[in-house]
Amino acid sequence: MIVKDLLLNRRVNVVTIEPAADLAAAVNMLAERCIGAVVILGADHRIVGILSERDIVHALAEHGPTALHKTVGQFMTRDVKTCSENDTIESLMGRMTTGKFRHVPVVEQGELVGIVSIGDVVKNRVEEIGREAAALRDYIQQ
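The structure reproduced in this document is the subject of the present report. (Residues numbered from 1 in each chain as written. Predicted model: local features only at pLDDT ≥ 70, side-chain atom pairs only at ≥ 80, totals over all residues. Heavy atoms only, no water.)

**Here's the deal with the overall build of the protein**
Then, in step 1: Counting its secondary structure elements, the protein contains five helices and five strands.
Then, in step 2: A principal-axis box enclosing the C-alpha atoms of the protein has dimensions of 65 × 35 × 25 Å.
Then, in step 3: For the protein, the proportion of its 142 residues judged to be buried stands at 35%.
Then, in step 4: As presented, the protein carries roughly 8700 Å² of accessible surface, and 54% of it is formed by carbon and sulfur atoms.
Then, in step 5: Taking the average place of the 16 positive charges on the side chains of the protein and the average place of its 19 negative ones, the gap between the two points comes to 2 Å. (Helix = DSSP H or I, 4+ residues; strand = E, 2+ residues; numbered from the N terminus. Buried < 20%, exposed > 50% of the residue type's maximum accessible area, 1.4 Å probe, protein only. Areas by Shrake-Rupley, 256 points an atom, 1.4 Å probe, with all protein chains shown as cover. Lys, Arg positive; Asp, Glu negative; His and termini not counted. Charge placed at Lys NZ, Arg CZ, Asp CG, Glu CD.)

And the structure:
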């Protein structure tokens, strides 16, 4: 299965924010939408960073509550790992595990078209294993 297939099963708008927004706005956005990361877009609508719950924890640990009044751009991860719709779920799972990140923006021809979380990848793998098990049971019963 490829990333495009995963995105077809759950078409959701990617939540984005500007780097000049304050961290408190990003925290509220994550809480309201029950998500773990937000993509940071620059003026040209290109990805300039990603802000995850982990980034927020680091910001609060280093700066305390005053971090909430600083900009998202100060704390975002700038080296954003992306994937394409044609990447396999298996390769993406490996990259996420090795890189220790849980959210990957999907980019096609320079445009943000989706985002995949480790939860999406795990859910897909569990469903795949279930289908394989059912096929094996059907085969054995024949």
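There's more to say after this.
**Concerning the pattern of salt bridges**
Then, in step 1: The final tally for this structure, using the stated rule, is five salt bridges.
Then, in step 2: A salt bridge links Lys123 to Glu127; the shortest N-O distance between them is 3.9 Å. You can see Lys123 and its partner Glu127 sitting in helix 5 (residues 118-141), four residues apart, about one turn around the helix.
Then, in step 3: For Lys123, a relative accessible area of 54% corresponds to the exposed category. (Salt bridge = Lys/Arg side-chain N within 4 Å of Asp/Glu carboxyl O.)

**Remarks on unusual backbone geometry**
Then, in step 1: If you check the backbone angles, His45 has positive phi at about 65 degrees while not being a glycine.
Then, in step 2: With respect to the helices and strands, His45 occurs in the loop between strand 2 (37-41) and strand 3 (47-52).
Then, in step 3: Positive phi is not limited to glycine here, since Gln109 has a value of about 50 degrees.
Then, in step 4: Among the secondary structure elements, Gln109 is positioned in the loop between strand 4 (103-108) and strand 5 (111-117).
Then, in step 5: A residue is classified by how much of its surface remains accessible, and Gln109, at 79% relative accessible area, is exposed.

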